[in-house]
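For reference, the chains in residue letters:
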Amino acid sequence: MTSIRFQPANRVLAVICALLSAGIVAPISFAQTVKSAPDFLPDSTVIYVHIDEPAAIIETIENHPVLNYVLELKEVQQLMRSPQFAMAMLGRGLLEQQIGEDVIESLKKHTAKGIWIAVDRETQGAMLLFQSSDEVELKKVAGKVLSFIAAMAAQDGKDIPYKKVDYREAVVAEFEGLMIARYRTWFMFTNKPKLARSVVDSMIDGSDNSLAEQDWFKLGLAQRNQADVWATVDLANIRKSARNQEPFLGRTSNPGVELIFGGVLDTLKNSAVVLGELNIKEHLEFSLSAPFDANWPSQSREFFFGKDLGGFAPKALNPQNMIANLTSYRDVGLWWQSKEDLYPENVIAQLSQADSQLSTIFSGMDFGQDILGCLKPGVQIIATENQYNDKHVPDIRIPAFAVVGTLKDPEIFRKLKIAFQTAIGLANSALGRNGQPQLEVETETRGESKIASAEYYYEKGTEEGLLLFNFAPTIALQGSHFILSSRRELAVELSELIAKNEHVGTEPQNTSLKIDGRLLRNILVANREFLVTQNMMEEGNDRSSAESQIKLLFAIANLFQDADLDFGVTDNKMMFEFRLRFNDLEPTKALTPQ
Amino acid sequence: MNESSLSELDPVQSWEPFVPTPERPWTNQLAAHLFRRAAFGGTINQIIAASKQGPDRTIDLIFGQTDDTAIESEMATAGRLVTGGADSRQLAAWWLLRMIRTECPFLEKMTLFWHGHFATGADKVMDARAMLHQNQLLRKHALGRFQPFVKAISRDVAMLIYLDSEENRKTRPNENYARELMELFCLGPGNYGERDIKQVARCFTGWGVQHGQFDFNEHQHDKLPKSFLGASGNFGGDEAIEIVLQQPAASRFIAKKMIRFFVVDDVEITEDFAAPIANQLVETGFNIREAVKTILRSNVFFSKVAIARKIKSPIELAVGFLRFFDASTNVTRLCQSLAAIGQLPLYPPNVKGWKGGRSWINASTILARANLITDLLANDKTKFKAGSLADWAQSFSELDMNNLDWADEFLLATPLPDATRLTLEEISNKSNRDPANVLGWLATLPEFQLN
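The rules behind these values
Note on numbering: residues in each chain are counted from 1, in written sequence order. Here chains are named by letter from A upward and ligands by number from 1 upward, in the order in which they appear as written. Where totals are concerned, whole chains, interfaces and linings use all residues; where local detail is concerned, this predicted model gives features only for residues with pLDDT of at least 70, and gives and counts side-chain atom pairs only at 80 or more. Helix and strand definitions follow DSSP, with helices as H or I runs of at least four residues and strands as E runs of at least two, each counted in order from the N terminus. To sort residues by burial, count the other C-beta atoms lying within 10 Å of each one's C-beta; a count of 20 or more means buried, 12 or fewer means exposed, and anything in between means partly exposed. C-beta atoms are built from the backbone. Throughout, a pair of residues is in contact if the C-beta atoms placed from their backbones lie within 7 Å. A radius of gyration in this sense is built from C-alpha atoms; the matching globule rule multiplies 2.2 Å by the number of residues raised to 0.38. In this classification, Asp, Glu, Lys and Arg are treated as charged, Ala, Val, Leu, Ile, Met, Phe, Trp, Tyr, Cys and Pro as nonpolar, and every other residue, Gly included, as polar. Structural elements are reduced to axes, namely lines fitted to C-alpha atoms, with helices fitted over the stretch in contact, and the angle between N-to-C directions of any two is expressed from 0 to 180 degrees. Oblique is the label for every angle not falling under 35 degrees (roughly parallel), over 145 degrees (roughly antiparallel), or within 65 to 115 degrees (roughly perpendicular). Here a crossing is taken to be left-handed if its near helix is turned anticlockwise relative to the far helix by less than a right angle, and right-handed if that turn runs clockwise. One requirement defines pairing of two strands: DSSP has to find at least two bridges between them. In these notes, a nonpolar core means any group of buried Ala, Val, Leu, Ile, Met, Phe, Trp, Tyr and Cys residues linked to one another through C-beta atoms within 7 Å. By convention here, the domain bounds are inherited from an automatic or database domain assignment. One less than the number of residues in a helix, times 1.5 Å, gives the span that helix is expected to have. Per-residue confidence from the predictor is reported as pLDDT, a score between 0 and 100.

Time to look at the overall build of chain A. Counting secondary structure elements, chain A contains 22 helices and 22 strands. For chain A, the spread of C-alpha atoms along the principal axes amounts to about 80 × 60 × 40 Å. When burial is assessed residue by residue, chain A has 37% of its 594 residues classed as buried. Residue pairs in contact within chain A that sit at least 24 positions apart in sequence constitute 69% of those at least 6 positions apart.

This is the structure:
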């Protein structure tokens, strides 16, 4: 098969056209403004995004191995042979003929001084601005683009889809639901004409009360780092608009959300701004930060931050074939104890009811006080590739999971073991009723580790491929570390790592997450047949189309080497950092799973 | 044969093979009728091909259909995958997918017939794998001989669970299975007594499920003599089935059930009328394939007695619609729609199965049936092999899509009244001849509900 190849300068556009023609992304328009856009944007702006050097980003993307990889994918090549893509490329060709230059080059030139995106609270409008380095050229190109749109409409026997009006010294074209305007080197798109007029007025007359004058914006600007894309959000005004609704009240009625994000809610309640940065280099880095005050969190959030913000996640364990590891400072016992301060009455009642039901399962132990309360702060959740007994391989393979914590008193492991045996007994009762294989509990001591595991007892005639073959529930104690795992093998491996004190870790954080892209992809590949079946059943595809889509999914998964996320606080800052690294990519056939 | 009620018919002539004549020629409409009843409907191309081949050749082809090994293997794997957990609704979706994709829709229609006959509900069985095995068993025996079929279904794990045979001990024989064996599976009401039920129940004592498989517990089996339906002896379950099927009522009962399913279900099927099919069953050792073949090639099947005299079941409505347009869709979502109008596969309302006939239609289901079709048309997961529905319409250059002749000829069981047709054609013109719009309106009509 002959590959369609594009010159580097055209690759970005080729991908955008391919995606547009496949309906994968909605059409968006690019435009841009200048260095002093904050001086023109209204004081009611609540979201501000700035791309300082769009041309550099475009070049990075054009030359990025990911782009080469995507363009070489068989499925993308097929997309490029579609009539829709051909139409898009024809449209591009006609447009380039009209403006007399390559679209991407034109885009780089006319966004040379920056791109801005703003959202305005007062008009409920959004605006995309860019600023060109050449006013005369911009005027010429803008005119030609409008002529091109008019010609295309005429060719289809339709009326010109815009109304051209002049507003003061600006040239404005009003489309249905969209307005574009040009003033000198500035070009803007907006859905609200009032917003465009306000910005043009400020450009002509100046403004004493623009976004640039706002305290929140200055606060954000003061903390700005060098980034490809930089954004700041007026949290105070958004909070006001949200009218005391969750999560801006600093609380949530959802216990799961509280456990995971509880501390972030303090920031949403109190901080004036949130800052965002995106860097597109070889890899992708994204961060969110916000000013933070150690006095903001209530005492009930000590479960989240620790005393005096001193809570740090345990150092990560790194078993073989680890797909993901989430390590976090969370005092789950304290969280449960604080529920009266954290949640409304109805949620507290539900949690109390759950506590009572879980106590039955756990041999009469109080779930909150005895089970969660026996753990010290700090918890890890680990996922690894599963290992199977050759005879009993499930058709649908899911990773092995483990939760690792530390017991306040290791002696309580004996009670936990009894609770475990009770829970397995109840499970056996249900499994037996349904003719399913039942669990056989084994206890063992390996070195200093105490392990209680429940393996399925397979009799002759046991069905093949059952989902439950993914599980062999296990608890283990190594020193004071407690492990609850879906597989015995994982619990044993973690016990050994703990015994050897083989933790890995970098700077202490409140929460860290690591994901291995290659192993995640392996899980997808191992479930290929299931994914194809699901695709046929859910997407209405025939087998060949379903296989094609799943192959594309694998190919996309193949892009990612790994990702990590860190979350932490200092005395004055809350920080969330996400990094996504790509594989060393070569054009790709060998990487596309068959 | 112009009569429209069974009492006016000569049974012998009724079941003789239909031979086209100049007065009663073999047409697209008759071929479409055959495909609707024997399967879930044919595509336009299949119907045109069948009208050229004639009825005998078409029926032979329908009976000779087999799935290619790729589809068979693919569906077997998919069935196993979706039952790896315990969700039988996923299995119901899988079966719909199979009905839509199979190259042997006649076999799936027969499987559906037997699922209604040996009705077993996944909501009680609560074991998706057992339901899959039963579904495979129904397919395996669908066109075989009835006696081995009944013996196999009596050992089926899902059936044993559904009819509480697990509790069938010699000290407390469970009468559920014995009762349904005679009332619903083999003889029909009035052909046995309460005493027969108790005796037959004793024959099945010890039959149960152990570790998810059929198990005969000899110690729980009643080994004392039993006496029922004129026979006496130390019978076990298999012998009980043989004795039940030796009753004259058995062949009549099965013949009537098949006639109701394939020919007409809103009139009483008399003993005389069913006698030729019943006799054939007896003479062939209850050969299901031959009996169904006689029914489908008969004069009465291609007469006014049968044509447009049945109401499409929800599954026939949805699967037939998709197969007609060579389309597929999100079958999980389709399951929800089918449940709303009363027929989710694997979830019959009770051991009697679906009542069928006019019970499919009431004030709420008529609207929901139309909505189901509208939803299929609007759903972006509905994929037409030809591309879009408009592409499908354009792919038949020989057909004039600008009027509704094509619907009368291929899609509907009975032609549209002139006034309705004019109204629909006006709607079509107003909507730029959008086929989806016209089909949406068609789906609201009584004619669309007929099979």
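What follows continues from the structure just given.
What follows is about the overall build of chain B. Regarding its fold elements, chain B presents 25 helices and six strands. The C-alpha radius of gyration computed for chain B amounts to 23 Å, which stays within 12% of the reference 22 Å derived for 451 residues, consistent with globular compactness. Structurally, chain B occupies a C-alpha span of about 75 × 50 × 40 Å along its principal axes. The buried share of chain B, taken over its 451 residues, is 50%. Look at the contacts in chain B between residues 6 or more apart in sequence, and 73% of them connect residues 24 or more apart.

The subject of this paragraph is the interface of chain B and chain A. With 26 residues of chain B in contact, the opposing surface of chain A contributes 22 residues. Going through the elements one at a time, helix 5 (69–82), helix 6 (88–101) and helix 19 (331–340) of chain B are the ones with two or more residues in the side of chain B that touches chain A. Broken down by element, the side of chain B that touches chain A gets its largest block of residues, six residues, from helix 5 of chain B. Residue composition of the side of chain B that touches chain A, grouped by class: nine nonpolar, eleven polar and six charged.

Attention shifts here to helix 24 (residues 435–442) of chain B. Where helix 24 of chain B is concerned, the buried positions are Pro435, Val438, Leu439, Gly440 and Leu442 of chain B. Along its buried surface, helix 24 of chain B packs onto helix 20 (363–378), helix 21 (389–394), helix 22 (405–411), helix 23 (418–430) and helix 25 (446–449) of chain B.

Here we come to the packing of helix 23 of chain B against helix 24 of chain B. Residue and element names in this part refer to chain B. One way to put it is that helix 23 packs onto helix 24 with a least axis distance of 9 Å and a crossing angle of 150°. Looking at the two axes, helix 23 sits roughly antiparallel to helix 24. Once helix 23 is placed against helix 24, the crossing between them reads as right-handed. Where helix 23 approaches helix 24, its residues Leu424, Ile427 and Ser428 are matched on the opposing element by Asn437, Val438, Trp441 and Leu442. Partitioned by chemical class, the residues of the contact of helix 23 with helix 24 number five nonpolar, two polar and no charged.

Okay, the pairing of strand 6 (residues 178–183) of chain A next. Regular strands show a simple pattern: their side chains alternate between the two faces of the sheet. Residues and elements named next belong to chain A. Of all six residues making up strand 6, five are buried, and the element is well covered by its neighbours. Bridge count between strand 5 (residues 170–175) and strand 6: five bridges; the pairing is antiparallel. In the strand pairing of strand 6, Phe175 is matched with Leu178. In sequence, strand 5 turns back onto strand 6 through a hairpin of two residues, with Gly177 there showing a positive phi of about 80°. Where strand 6 and strand 7 (residues 186–190) come together, five bridges link them in antiparallel fashion. Within the sheet, the bridge partner assigned to Ala181 lies in strand 7 and is Met188. Linking strand 6 back to strand 7 in an antiparallel pair, the connection comprises two residues, with Arg184 at a positive phi of about 50°.

Bringing the nonpolar core into the picture now. Leu96, Cys186, Val244, Met258, Ile277 and Ile295 of chain B are the most contacted members of the largest nonpolar core, which has 152 residues in total. Shared between two domains, this core takes at least three residues from each, and those domains are domain 1 (145–288) and domain 2 (314–449) of chain B. Once residues lying within four places of it in the same chain are set aside, the contact partners of Ile277 of chain B are Trp15, Ala255, Met258, Ile259, Ala291, Thr294 and Ile295 of chain B. Trp116, Leu129, Val332 and Val404 of chain A belong to the second-largest nonpolar core, a separate cluster that totals 85 residues.

Next up on the list: the domain arrangement of chain B. Residue and element names in this part refer to chain B. The domains assigned to chain B are domain 1 (145–288) and domain 2 (314–449). In this structure, domain 1 and domain 2 have C-alpha centres spaced 38 Å apart. Each partner contributes to the interface: domain 1 provides five residues, whereas domain 2 provides five residues. Tallied by class, residues from the side of domain 1 that touches domain 2 come to two nonpolar, no polar and three charged.

Here the focus is the environment of Ser106 of chain A. Residues and elements named next belong to chain A. Structurally, Ser106 can be placed in helix 7 (residues 103–110). Taking the C-alpha atoms as reference points, Ser106 and Leu138, 32 residues apart in sequence, are found 9.2 Å from one another. In this structure, Ser106 is in contact with Ile99, Glu101 and Val141, ignoring residues within four places of it in sequence.

Attention now goes to helix 23 of chain B. Its 13 residues place the ends of helix 23 of chain B 18 Å apart at the C-alpha level, agreeing with the 18 Å of an ideal helix rising 1.5 Å per residue. At the exit of helix 23 of chain B stands Asn432 of chain B, carrying a positive phi of roughly 55°.

Here we come to the packing of helix 6 of chain B against helix 9 (residues 128–141) of chain B. Residue and element names in this part refer to chain B. Two numbers describe how helix 6 lies on helix 9: the axes approach to 9 Å, and their chain directions differ by 30°. When the axis of helix 6 is compared with that of helix 9, the two are roughly parallel. Viewed along their axes, helix 6 and helix 9 form a crossing whose handedness is right-handed. Facing helix 6, whose interface residues are Ser88, Leu91 and Trp95, helix 9 presents Ala128, Met131, Leu132 and Asn135. Of the residues contributing to the contact of helix 6 with helix 9, the split by class is five nonpolar, two polar and no charged.

Attention shifts here to unusual backbone geometry. Geometrically, the link from Glu246 of chain A to Pro247 of chain A is a cis peptide bond, its omega value of 0° lying close to zero. Locating Pro247 of chain A in the fold gives a position in the loop between helix 11 (235–242) and helix 12 (255–270). Positive phi, normally seen in glycine, also occurs at Met126 of chain B, with a value near 50°. Relative to the helices and strands, Met126 of chain B is located in the loop between helix 8 (122–125) and helix 9. Met126 of chain B sits in the partly exposed class, given 16 other C-beta atoms within 10 Å. If you check the backbone angles, Asp326 of chain B has positive phi at about 50° while not being a glycine.

This part covers the pairing of strand 1 (residues 45–51) of chain A. Residue and element names in this part refer to chain A. Judged by how many residues are buried, strand 1 sits mostly within the fold: five of seven residues are covered. Judged from the six bridges that link them, strand 1 and strand 2 (residues 115–120) form a sheet pairing that is antiparallel. In the sheet register, Ile47 faces strand 2, and the bridge partner there is Val119. As judged from the five bridges shared by strand 1 and strand 8 (residues 229–234), these two strands associate in the antiparallel manner. The residue of strand 8 that forms the bridge with Ile51 is Val229.

What follows concerns the environment of Asn572 of chain A. On the secondary structure map, Asn572 of chain A appears in the loop between strand 21 (560–569) and strand 22 (573–582). Setting aside residues up to four positions removed in sequence, Asn572 of chain A forms contacts with Pro291 and Phe292 of chain A.

For the rest of this paragraph, the subject is the confidence of the model for chain A. Residues and elements named next belong to chain A. Per-residue pLDDT for chain A has a mean of 87; in total, 92% of the residues score no lower than 70. Scored below 50 in pLDDT, residues 1–9 makes 13 contacts in the model with residues more than four places away or belonging to other chains. Overall, residues 12–35 carries pLDDT values under 50, and its contacts beyond four positions in sequence, including any with other chains, amount to 65 contacts.

For the rest of this paragraph, the subject is the environment of Thr185 of chain A. All names here are of chain A. Assignment of secondary structure puts Thr185 in the loop between strand 6 and strand 7. Judged by C-beta crowding, with 21 C-beta atoms within 10 Å, Thr185 ranks as buried. Sequence spacing of Thr185 and Leu138 is 47 residues, and the spatial spacing of their C-alpha atoms is 6.7 Å.

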